[in-house]
Amino acid sequence: MRFLHTSDWHLGKTLRGRSRSEEHAAALQEILEIIRTENIDCVLITGDVFDSQAPSPEAEQLAFNFFSELRGLSVPAVVIGGNHDHPKRLLAIRDILKLLDIHMRPEPVRPEDGGLIKIERGSEVANIAVLPFVTAGRIEEASQLMGPEIQRYQDYSDRIAAMCDLLSGAFSKDSVNLLLAHLYVDGAETSKSEREIHVAKPYAVSPQRFPSTAHYIALGHLHRPQEIHAPSRTLYAGSILQLDFGERDQQKRVV
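First, a word on scope: everything that follows refers to the structure included in this document. (Residues numbered from 1 in each chain as written. Predicted model: local features only at pLDDT ≥ 70, side-chain atom pairs only at ≥ 80, totals over all residues. Heavy atoms only, no water.)

Some remarks on the pairing of strand β12 (residues 216–220)
Here is step 1: With 5 of 5 residues buried, β12 lies mostly within the body of the structure.
Here is step 2: Taking every second residue as pointing to the same face, both faces of β12 are buried, with Tyr-216, Ala-218 and Gly-220 on one and Ile-217 and Leu-219 on the other.
Here is step 3: Note: strand β9 (residues 176–182) against β12, 5 bridges, orientation parallel. Considered in β12, the bridge of Leu-180 is made with Ala-218.
Here is step 4: Note that β12 and strand β14 (residues 234–236) share 3 bridges and pair parallel. Paired with Leu-219 across the two strands is Tyr-236, which belongs to β14. (Buried < 20%, exposed > 50% of the residue type's maximum accessible area, 1.4 Å probe, protein only. Helix = DSSP H or I, 4+ residues; strand = E, 2+ residues; numbered from the N terminus. Pairing = 2+ DSSP bridges.)

Concerning the nonpolar core
Here is step 1: Formed by 34 residues in total, the largest nonpolar core has its most connected members in Ile-160, Leu-183, Phe-210 and Leu-219.
Here is step 2: Elements represented by at least two residues in this core include exactly β8 (124–131), α4 (139–146), α6 (156–168), β9, β10 (184–185), β11 (204–205) and β12.
Here is step 3: Among the elements that take part in this core, α6 stands out by supplying 7 residues, more than any other.
Here is step 4: In contact with Leu-183, not counting residues within four places along its chain, are Leu-131, Ile-160, Phe-210, Leu-219, Gly-220, His-221 and Tyr-236.
Here is step 5: Counting residues in each nonpolar core, the second largest holds 29 residues, with Ile-40, Val-43, Val-75 and Ile-240 among its members. (Core = buried A, V, L, I, M, F, W, Y, C linked by side-chain atoms within 4.5 Å. Contact = heavy atoms within 4.5 Å.)

With respect to helix α1 (residues 21–37)
Here is step 1: A rise of 1.5 Å per residue sets the reference length of α1, with its 17 residues, at 24 Å; its end C-alpha atoms lie 24 Å apart and thus fit the reference within 8%.
Here is step 2: By the burial criterion, the buried members of α1 are His-24, Ala-27, Leu-28, Ile-31, Leu-32 and Ile-35. All buried residues of α1 project into a common sector of 140 degrees when viewed along the axis, lining one side. Counted as exposed and oriented over 90 degrees from the buried face of α1: Glu-22 and Glu-30.
Here is step 3: Looking at the packing, one finds that the buried side of α1 touches β1 (3–6), β4 (42–45) and α2 (57–73).
Here is step 4: Looking one or two residues past α1, Asn-39 carries a phi angle of roughly 55 degrees, positive in sign. (Expected span 1.5 Å × (residues − 1). Arc of directions from axis to C-beta.)

Considering the packing of aromatic side chains
Here is step 1: Scanning all chains against the criterion turns up 5 aromatic pairs.
Here is step 2: Ring centres 6.1 Å apart and planes at 75 degrees place the aromatic pair Phe-66 and Phe-67 in the edge-to-face group.
Here is step 3: Consider the rings of Phe-133 and Tyr-203, whose centres lie 5.8 Å apart with planes at 20 degrees: the pair is stacked. Here Phe-133 is found in the loop between β8 and α4, whereas its partner Tyr-203 is found in the loop between β10 and β11, with 70 residues between them in sequence.
Here is step 4: You can call Phe-133 buried: its relative accessible area is 11%.
Here is step 5: For Tyr-203, a relative accessible area of 7% corresponds to the buried category.
Here is step 6: In this structure an aromatic cluster arises from ring pairing among Trp-9, Phe-66 and Phe-67. (Phe/Tyr/Trp six-rings, centres within 6.5 Å; stacked < 30°, edge-to-face > 60°.)

A word on the layout of surface pockets
Here is step 1: In this structure, the largest pocket occupies an estimated 260 Å³ of space.
Here is step 2: The wall of the largest pocket is formed by 17 residues, among which Pro-87, Phe-133, Val-134, Thr-135 and Arg-138 lie closest to the centre.
Here is step 3: Top element by residues in the lining of the largest pocket is α4. It accounts for 3 residues.
Here is step 4: The residue inventory of the lining of the largest pocket, partitioned by class, reads 7 nonpolar, 6 polar and 4 charged. (1 Å grid on protein atoms, 1.4 Å probe; cavity = no way out; pocket = protein on both sides within 12 Å on 5 of 7 lines; lining within 4 Å. Points joined across faces, edges and corners; volume = space filled by probe spheres on them. Nonpolar A, V, L, I, M, F, W, Y, C, P; charged D, E, K, R; others polar.)

Points about the environment of Arg-94
Here is step 1: With respect to the helices and strands, Arg-94 occurs in helix α3 (residues 87–98).
Here is step 2: A relative accessible area of 32% means that Arg-94 is categorised as partly exposed.
Here is step 3: A sequence separation of 15 residues divides Arg-94 from Val-79, and the C-alpha atoms of the two residues are 9.9 Å apart.
Here is step 4: In this structure, Arg-94 is in contact with Met-104 and Arg-105, ignoring residues within four places of it in sequence.

Brief notes about unusual backbone geometry
Here is step 1: The phi dihedral of Arg-16 falls on the positive side, at around 50 degrees, and the residue is not glycine.
Here is step 2: Positioned with a positive phi, Asp-48 is a non-glycine residue whose angle comes to about 55 degrees.

A word on α4
Here is step 1: Along α4, the positions that sit buried rather than exposed are Ile-139, Ala-142, Ser-143 and Met-146. End-on, the buried residues of α4 take up no more than an arc of 100 degrees, which puts them together on one face.
Here is step 2: For α4, the elements touching its buried residues are α5 (148–151) and α6.
Here is step 3: Looking one or two residues beyond α4, the residue adopting positive phi is Gly-147, at roughly 115 degrees.

Geometric descriptors of this kind do not, in isolation, establish any biological role.
Here's what the structure looks like:
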């Protein structure tokens, strides 16, 4: 199976009051062309689809047109919520997007409740575990939803790591196993365009806590593309555009 990992679109982002819509539209078209030419089987989008929790109609049009194009290519996608995305807005469109084979997960849930998504392509099956962003203020609520295995931990980072363990516990030895998460890895390189409150303690999760049973761990949240030293291959795809002048030296990408 062939996967394309992209993240942190930040649709609706402006730069000193100037719209970036044309740049975003061009970047998304380039991604669609990669999907076509590389015969991608599934697209992984690891959060921050929108820049604002109340995105503009233009930003929503860019996202929904992209998803419609995926449907035309018969390519499914798995999308998780980021810290810039509003969980309830994403939840409101989840069931409609499912008709397009777009699997939206705004908030953490147990594997049996949608935290593990199966994608089939011919004889191959992918088990995709998903962990959307959780604020420190909502970690207790998320822990209650995920179960007693999580609640026995006190620290934010320990609870997030335990959620990764719980989700990856549903992996199979006969499938392609992937973990998608929107979080901050301790020691990763940040950019000035990121919200400082979400790239500091208590949000820092040790990369050594990631499951070794995943074939690939797709991360979102940090805008600088980078690989993380962890038990499984782990990459931040990074943002698809330079989001401010401090990122002008970064070569943007998909994975």
